[in-house]
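Residues per chain, in single letters:
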Amino acid sequence: MPEAIETTKRKFYKALDSLQNPRAARPVEPAAKRVRRSISTSSTVSYSTPNLVVGSRKDDSPARPPPNFSPWSSETFLARLKTFSSVSLWHPKPEAISEVEWAKRGWVCVGVNTIACKGGCQKRVVISLEATKQREDGADSEEDDEQDDTDHESAFEDALVGRYRALVVDGHADSCLWRKAGCKDDVYHLPVVRATIWQPELRKRYRSVHQICESVRDIKLKALPYETPGLLSTERVLADLPAGVLGPPGEEQPTPEDSLKALEIALHGWRGSEDTGNELLHCDACFQRVGLWMYQPGYKPAHSSIDDDAGDSAIIDLVEMHREHCPWRNAQTQKSAGSLSGLNASQILQRVVSTCARDHTRRSEEQQRAGAQREDDELDDDASIPASPAPSREEVEKLDKERDSRLKKLKSLFSIKRKGSKLP
Ligand SMILES: [Zn+2]
Ligand SMILES: [Zn+2]
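A brief look at the structure comes next.

1. Regarding the coordination of the zinc ion (ligand 2)
Piece 1. Within the first shell, the zinc ion (ligand 2) binds the protein through Cys283 (SG), Cys286 (SG), His322 (ND1) and Cys326 (SG), at distances of 2.1 to 2.3 Å.
Piece 2. Between consecutive donor residues of the zinc ion (ligand 2), the sequence gaps follow C-x2-C-x35-H-x3-C. Exposure class is identical for His322 and Cys326. Each is buried.

2. Here's the deal with a nonpolar patch on the surface
Piece 1. Taken together, the side chains of Trp293, Met294 and Tyr299 define a hydrophobic patch exposed on the protein surface, amounting to about 260 Å² of accessible area.
Piece 2. Along the polypeptide, Tyr299 turns up in the loop between strand S7 (289–291) and strand S8 (315–317).
Piece 3. Of the residues examined, Tyr299 reaches a relative accessible area of 31% and is grouped as partly exposed.

3. A closer look at the sheet that holds strand S6 (residues 278–283)
Piece 1. If you trace the 3 strands from one edge of the open sheet to the other, you get S5-S6-S7, paired in antiparallel fashion. Only two strands of the sheet have a single neighbouring strand rather than two, namely strand S5 (270–275) and S7. The mean inter-strand angle of the sheet, taken between neighbouring strand axes irrespective of direction, is 30°.
Piece 2. Looking at chain direction, S5 and S6 are connected through 6 bridges and run antiparallel. Across the sheet, Trp270 pairs through a bridge with Cys283, a residue of S6.

4. Considerations on the nonpolar core
Piece 1. Among the nonpolar cores identified, the biggest contains 69 residues, and Phe77, Trp102, Leu202, Leu281, Ile316 and Trp328 are the most heavily contacted of them.
Piece 2. The element best represented in this core is helix H15 (residues 345–376), accounting for 7 residues.
Piece 3. Non-local contacts of Leu281, meaning those with residues more than four positions away in its chain, are made with Ile212, Ile265, Trp270, Arg271, Gly272, Gln288, Arg289, Val290, Leu292, Ile316 and Leu318.

Rules behind the numbers
Positions within a chain are numbered from 1, following the residues in the order the chain's sequence is written. Here every chain gets a letter starting at A, and every ligand a number starting at 1, in the order they are written. With pLDDT at 70 or above as the cut-off, local features in this predicted model cover only qualifying residues; side-chain atom pairs require 80 or more to be listed or tallied, and sums for whole chains, interfaces and linings still use all residues. For the side-chain quantities, the full set of heavy atoms in the structure was used; hydrogens and water were omitted. Here a donor is any nitrogen, oxygen or sulfur atom (N, O, S) within 2.8 Å of the metal, with 3.2 Å used for Na, K and Ca; water is not among the atoms considered, so some sites may look incomplete. Relative accessible area decides the class of each residue, using a 1.4 Å probe on protein chains only: under 20% of the type maximum gives buried, over 50% gives exposed, and in between gives partly exposed. The residues that make up patches have over 30% relative accessible area and no salt bridge, and they are joined within 9 Å when like-charged or within 5 Å when they are Val, Leu, Ile, Met, Phe, Trp or Tyr. To measure how exposed things are, a 1.4 Å probe is used in the Shrake-Rupley method; for residues, cover is taken only from the protein chains shown. Between Lys or Arg on one side and Asp or Glu on the other, a salt bridge is scored when a side-chain nitrogen of the former is within 4 Å of a carboxyl oxygen of the latter. For the purposes of this entry, the term helix denotes a DSSP run of H or I that reaches at least four residues, the term strand denotes a run of E that reaches at least two, and both are numbered from the N terminus. Pairing between strands requires that DSSP locate at least two bridges from one strand to the other. Between N-to-C directions, angles span 0 to 180 degrees; the directions come from axes that are lines fitted to C-alpha atoms, helices contributing only their stretch in contact. Remark: nonpolar core denotes a set of buried residues (Ala, Val, Leu, Ile, Met, Phe, Trp, Tyr, Cys) joined through side-chain atoms within 4.5 Å. By definition in these notes, contact holds between two residues if any of their heavy atoms fall within 4.5 Å.

Have a look at this one:
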């Protein structure tokens, strides 16, 4: 694999490997509950992201939360980032002072636009960009000066953002370790090319979507285009992946269409979840939640003023619904190296999965061929049958085509919209 191997990275992957699985399996926790719990445990210095770390280890040894200063740990980074996911506490900010920047430098969100170095130097910063607005409202500007005001306003906001940008580092006390270093730029990188990570993660997401298959059945999806060389269609992937990768779908009896949609959703980083009776798609990297009831056919928001769209349900764009900084959507955040650079995690995973499905098909065909040869040579005692030569590129393409036509019928059952199709 092209990713550099450094000690810190090994540690980070190891931590991620042992911690991601149980976390993804845990049911979704309402935001309000999370907040309550973190507040209840935050009165002392012992914070260090307790609500997200405790109980997330596989082994029997008592869970030992990572130290507060853990810039190498993507697990603690994600735990901090998660504190910013409540829309009522954290309002969108310019990129330079976005939640990703604060979380990379050890900050957690503790109140309305308020962050703190919990478990570290305990400093707090309140981020208010409202000053711009107040100035605008209070200014006794004449209409002639409107342009001047706009210029001032934007210069003022730039200065304000610059000031907060400095506080990402300087907001910490002099002695705080987070002042000296923050997370590396690739701390948000998702290791989706590692089979030991992507396979169990994909399986879990796939199965979790099956559990809410009734809410998914009628919604329209927009997915990545797979007309890219090297990518197999989701139908092909579903048919060709080794059985163990996705596993049995659980207790549900899904239709092929359910399975196809579940896989499509899971390949884009989403898992199914349920919160107080409402079924959602949830991302464990950017903590975005998509309420599926809003995408059912015939759904009309209570305060809708657009009559044209009545009865025409919206489409879930499986890439764009992630927050902008999410590695499932953003290639810069994903920061993959080599031939995968410039690709977001959804694109990388689909490539990896396509390769896995294709390799599996090739191997089983080789085995069949070898088996046939064994039958021909049934009296031959030689146990070491030479492997049949790998199929040529033309042969692989021919086999791909054959399978495509077999799947055409199946494919015609589905109505998944592809990226590039027009939004209503
Ligand atoms: Zn600090
Ligand atoms: Zn996301």
